[in-house]
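One letter stands for each residue in the lines below.
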Amino acid sequence: MPITSKYSNEKVEQILDDVFKVFEKHGASAELALMIVGNVATNIINADIPASQREAIAEKFAQALLTSIKKD
């Protein structure tokens, strides 16, 4: 069963486009961009998720990432 998001595709795509433009503006390599995205995810989890739920949220995030990557 597909996961339904409460956020519109249009909203998600616009934010992604803005983030990619920032990476392009700064000439960020894939390695630097991934490091930044990881740091942002960590900061969001630490700032906005109760301590008792952080590990579970991080594990779900990691699993979602693994599920979403292309396996050639």
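Presented here is an overview of the structure given in this document.

What counts, and at which threshold
- Residue numbering note: each chain is counted from 1, following its sequence as written.
- Per-residue local features of the predicted model are confined to residues with pLDDT of at least 70, and side-chain atom pairs are confined, for both listing and counting, to 80 or more; whole-chain, interface and lining totals are unaffected and use all residues.
- Hydrogens and water are ignored here; the side-chain numbers use all heavy atoms of the structure.
- What counts as a helix is a DSSP run of H or I of at least four residues, what counts as a strand is a run of E of at least two, and both are numbered from the N terminus.
- In this setup the radius of gyration rests on C-alpha atoms only. A globule is expected at 2.2 Å times the number of residues raised to 0.38.
- Three labels apply to residues, based on accessible area from a 1.4 Å probe with only protein chains included: buried if under 20% of the type maximum, exposed if over 50%, partly exposed otherwise in between.
- Charged-residue counts in this description rest on Lys and Arg as positive and Asp and Glu as negative, His and the chain ends being excluded.
- Charge positions come from single atoms, namely NZ of Lys, CZ of Arg, CG of Asp or CD of Glu.
- Within this analysis, patches are made of residues with over 30% relative accessible area and no salt bridge. Like charges are joined at 9 Å or less; nonpolar side chains (Val, Leu, Ile, Met, Phe, Trp, Tyr) at 5 Å or less.
- Using a 1.4 Å probe, accessible areas were evaluated by the Shrake-Rupley method; residue-level cover was limited to the displayed protein chains.
- Any Lys or Arg side-chain nitrogen found within 4 Å of a carboxyl oxygen on Asp or Glu counts as a salt bridge.
- By this rule, a helix spans an expected 1.5 Å times one less than how many residues it contains.
- Simply put, an axis is a line fit to the C-alpha atoms, just over the touching stretch for a helix, and the angle between two N-to-C directions goes from 0 to 180 degrees.
- Our angle categories are set so that under 35 degrees counts as roughly parallel, over 145 as roughly antiparallel, 65 to 115 as roughly perpendicular, and the remainder as oblique.
- By definition, any crossing whose near helix is turned counterclockwise from its far helix by less than a right angle is left-handed, and any crossing with a clockwise turn is right-handed.
- Note on definitions: a residue-residue contact is assigned when non-hydrogen atoms from the two residues lie within 4.5 Å.
- Under the scheme applied, nonpolar residues are Ala, Val, Leu, Ile, Met, Phe, Trp, Tyr, Cys and Pro; charged residues are Asp, Glu, Lys and Arg; polar residues are all the others, including Gly.

Take the overall build of the protein chain next. Looking only at helices and strands, one finds three helices and zero strands in the protein chain. When the elements of the protein chain are put in sequence order from the N terminus, they spell out α-α-α. Here the protein chain has a C-alpha radius of gyration of 14 Å; the compact-globule value for 72 residues is 11 Å, and the former is much larger. By principal-axis analysis of the C-alpha atoms, the protein chain measures approximately 35 × 30 × 30 Å. For the protein chain, buried positions account for 6% of its 72 residues. Taken together, the 8 basic and 10 acidic charged side chains of the protein chain have centroids lying 4 Å from each other.

The subject of this paragraph is a nonpolar patch on the surface. Residues L32, M35, I36, V40 and I44 make up a contiguous nonpolar surface patch of roughly 410 Å² in combined accessible area. Considering the arrangement of structural elements, one finds L32 in helix α2 (residues 30-48). With a relative accessible area of 35%, L32 lands in the partly exposed category.

A few words on helix α1 (residues 9-25). The end-to-end C-alpha distance of α1 is 24 Å, a good match for the 24 Å that 17 residues give at a rise of 1.5 Å each. At the exit of α1 stands G27, carrying a positive phi of roughly 60 degrees.

Let us look at the pattern of salt bridges. Throughout the structure, instances matching the rule amount to one salt bridge. D17 is the partner of K21 in a salt bridge, and the nearest nitrogen-oxygen pair spans 3.1 Å. Note that K21 and D17 are positioned in helix α1 at a spacing of four residues, about one turn of the helix. Under the relative-accessibility criterion, K21 is labelled partly exposed at 48%.

Moving on: the packing of α2 against helix α3 (residues 51-68). Their axes nearest at 10 Å, the elements α2 and α3 cross at an angle of 150 degrees. Classified by the angle between their axes, α2 and α3 sit roughly antiparallel to one another. Taken as a pair, α2 and α3 cross one another with a handedness that is right-handed. Only R54, I57, A58 and F61 of α3 make contact with α2, whose side of the interface consists of A41, I45 and N46. Within the contact of α2 with α3, the residues separate by chemical class into five nonpolar, one polar and one charged.

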